[in-house]
Amino acid sequence: MDTSPINLNEFLSRATGLLGAKGLTTDPEIIEPWLTDWRGRYLGKACALASPASTEEVSALVKLCGEYRIPVVPQGGNSGMVGGATPDTTGDALLLSLRRMKAVRHFDKEAGQIICEAGLVLQNLHELADGAGLRFPLTLGGKGSATIGGLISTNAGGTQVLRHGTMRAQVLGLEAVLANGEVFDGLAALKKDNRGFDLKQLLIGSEGTLGIVTAANLRLLPAQTGRVTVWAGVETIIGARALLRFIQSDLGEPLEGFEIIPDHCLANVIDHLPGARAPLDQPHPWNTLIEFVSSNADSDALRDQAEAVLADAMDADLLQDAVIASSETQAEEFWLLRDSISAAERALGPATQHDISVPVEKMPEFILSAIGKVEAAFPGTRSIAFGHLGDGNVHFHVIAPDGAVPGKWEETEGERVSSMVYDLVDRWGGSISAEHGIGQMKIGELARLSDPATLTMMRGVKHALDPQNLLNPGKLVPE
């Protein structure tokens, strides 16, 4: 191993010559906003911020980083939840922003495919698809900042996974720069390809530790011709699962989203969000946000189908009350309530957030069991669970006791809370990360709970593709 001192000034001079003044900066004021993760838990340092404008520039820059042994931390919209795009505190790493790379290289409307660069923002992709009578079937609360590269690198989920799958299912082809600067060109959308490993799938969800995603070929679907959004109240979380199963059996094909929101979460949002109000006249212990979407039926026909299944569910005592959004505006208001839960919770004080999954059929019992166990073990805490019941992924948050000191509680008792939650998830056969990734937040827990074979394979792949450990070190892959 080369242990000679790194000539940082020489590296920065060559990097500036490669990218130009617009492509590289060491200005602390420009860099500072990108050194903290979205939740504010991690604060790092960087020797510079690089913003290449092309895959060729990324390739040349990564080769240069390899020559000088400069760690590279790729960053998209910096909206991640686990500190996966935040550098460490040494100041040795180079922040690599893909936000300038946002071009659409090819748009085949008839095939329903679009090749776009990694820096394209999700909301802009939605607008492009909508303008062509198509849609991209993945959305989430941070769509205004999340980038395609970041979504691929974390295999993001969102509210439509129930019907369309995670980001992995939307990627038809991929382009990425490897640790040695070579460009992997797998953008072709082949239905059948038996040339060994599916390398694009290896890169998806790798959080920038195996390669830097620079472009992707994504699938688009026909635009929706009908959309019906329902807010329904149920008595129990077990009743919510029964309602989900009933709808899937009676009207499964158009069902695109099924979210659960406990009443206290809704109350927090209403207190936090100006002008917000509860969709139903009376409070209910649990709320469900249900969305039906069709691309081959008009809105009136889909609404009739939704009304029929809701009436049948009411007759079967599976729901207490329900309202169908009367307009697109009201539908978006329903979703705003759901998407504002985390922001409303942050206003309450310190908390630990757990993005977990267990099999759908076990989720209600897991929630009830975990809430009781955690609150008993940590007096004064309050546990909440909300999210995508339809695909077995909920956000299990534990709010600190009154008077807890922000920053200190999360790093002390909060760490013990998280370990307990992850132990419970593991016992129930679940995953400690359902859609946000591992990053640096969960790397220790992944090492603790994973079987030896899994860790051996992960470390082996990392070492093979990044022997110098320069791509996003300290994230995802336990050392």
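Now for a look at the structure at hand. Throughout, residues of each chain are indexed from 1 in the direction in which the sequence is written. Since the coordinates come from a predicted model, pLDDT governs what is reported: local features require at least 70, and pairs of side-chain atoms require 80 or more to be given and counted, while whole-chain, interface and lining totals use all residues. Only hydrogens and water are removed before side-chain values are computed, so all heavy atoms of the structure are retained for them.

**A closer look at the overall build of the protein chain**
Then, number 1: Helix and strand assignments come from DSSP, with helices taken as H or I runs of at least 4 residues and strands as E runs of at least 2, each series counted from the N terminus. Summing up its helical and strand segments, the protein chain has 18 helices and 18 strands in all.
Then, number 2: The quantity called the radius of gyration is restricted to C-alpha atoms. Its globule counterpart is 2.2 Å times the number of residues to the power 0.38. Expected size for 479 residues packed as a compact globule is a radius of gyration near 23 Å; at 23 Å, the protein chain falls within 12% of this value.
Then, number 3: When its C-alpha atoms are laid out on the principal axes, the protein chain stretches across 75 × 55 × 45 Å.
Then, number 4: When accessible area is computed with a 1.4 Å probe and restricted to protein chains, residues below 20% of their type maximum are described as buried, those above 50% as exposed, and intermediate ones as partly exposed. Every one of the 479 residues in the protein chain was classed for burial, and the buried ones make up 52%.
Then, number 5: When contacts within the protein chain are restricted to residue pairs at least 6 apart in sequence, those whose partners lie at least 24 apart make up 74%.
Then, number 6: Working definition of accessibility: Shrake-Rupley area with a 1.4 Å probe, residue cover restricted to the visible protein chains. When the accessible surface of the protein chain is split by element, carbon and sulfur atoms take 52% of a total near 20700 Å².
Then, number 7: Positive charge is attributed to Lys and Arg, negative charge to Asp and Glu, and no charge count is given to His or to the chain ends. By convention, the point assigned to a charge is CZ for Arg, NZ for Lys, CD for Glu and CG for Asp. In the protein chain, 39 positive and 61 negative side-chain charges are present, and the distance between their average locations comes to 5 Å. Here, residues are in contact when the closest pair of their heavy atoms is within 4.5 Å.

**Notes on the pairing of strand β10 (residues 211–219)**
Then, number 1: Most of β10 sits inside the fold, with eight of its nine residues counted as buried.
Then, number 2: Bridge count for strand β6 (residues 113–117) against β10 is five bridges, and the pairing is antiparallel. Residue pairing across strands places Gln113 opposite Arg219, the latter belonging to β10.
Then, number 3: Relative to β10, strand β8 (residues 171–178) runs antiparallel, the two being bridged by seven bridges. Note: two strands are recorded as paired if DSSP finds a minimum of 2 bridges between them.

**Re empty space enclosed by the protein**
Then, number 1: Within this scheme a cavity is a closed region of a 1 Å grid, computed over the protein atoms alone, that accommodates a 1.4 Å probe without allowing it to escape, whereas a pocket is open but has protein on both sides within 12 Å along at least five of seven lines; lining residues each have an atom within 4 Å of a point. Grid points are joined across faces, edges and corners, and a volume is the space filled by probe spheres set on the points. What the rule picks out here adds up to one cavity of 30 Å³ or more.
Then, number 2: Considering only enclosed or pocket space, the largest cavity measures out at about 40 Å³ in volume.
Then, number 3: The wall of the largest cavity is formed by Arg39, Met81, Val82, Gln353, His354, Asp355, His395, His397, His436 and Lys442.
Then, number 4: Broken down by secondary-structure element, the contributors of at least two residues to the lining of the largest cavity are β16 (351–357) and β18 (393–399).

**A word on the pattern of salt bridges**
Then, number 1: Here a salt bridge means any side-chain nitrogen of Lys or Arg lying within 4 Å of a carboxyl oxygen belonging to Asp or Glu. Under the definition given, this model contains 19 salt bridges.
Then, number 2: Taking the shortest distance from any N to any O, the salt bridge between Glu175 and Arg105 comes out at 3.0 Å. Of this pair, Glu175 sits in strand β8 while Arg105 sits in strand β5 (residues 104–108); the two residues are 70 residues apart in sequence, bridging distant segments of the chain.
Then, number 3: Between Arg227 and Glu332 there is a salt bridge, with the nearest N and O atoms lying 2.9 Å from each other. Of the two residues, Arg227 is situated in strand β12 (residues 226–234) and Glu332 in helix α12 (residues 328–339); the sequence distance between them amounts to 105 residues.

**Some remarks on unusual backbone geometry**
Then, number 1: In this model, Glu207 sits at a positive phi of 55°, which is unusual for a non-glycine residue.
Then, number 2: The topology assignment puts Glu207 in the loop between α8 (199–203) and β10.
Then, number 3: Looking at Glu207, the relative accessible area reads 8%, which means it is buried.
Then, number 4: With a phi close to 45°, Asn472 is a non-glycine residue in the positive phi region.
Then, number 5: Inspection of the secondary structure assignment puts Asn472 in the segment after α18 (452–465).
Then, number 6: Residue Asn472 is classed as buried on the basis of its relative accessible area of 1%.

**Description of a nonpolar patch on the surface**
Then, number 1: For patches, a residue must show more than 30% relative accessible area and have no salt bridge; joins then use 9 Å for like charges and 5 Å for nonpolar side chains, namely Val, Leu, Ile, Met, Phe, Trp and Tyr. Taken together, the side chains of Phe197, Leu199, Leu202 and Leu465 make up a nonpolar region of the molecular surface, amounting to roughly 390 Å² of accessible area.
Then, number 2: Mapped onto the elements, Leu465 comes out in helix α18.

**Some remarks on the state of the cysteines**
Then, number 1: When the sulfur atoms of two cysteines come within 2.5 Å, that pair is taken as a disulfide. All chains considered together, the criterion is met by zero disulfides.
Then, number 2: Of all cysteine sulfurs in the structure, the one in Cys65 sits closest to Cys47, which takes part in no disulfide; the separation is 7.6 Å.
Then, number 3: Residue classification places Cys47 among the buried residues on the basis of a relative accessible area of 11%.

Remember that the coordinates give geometry; whether it matters functionally is a separate question.
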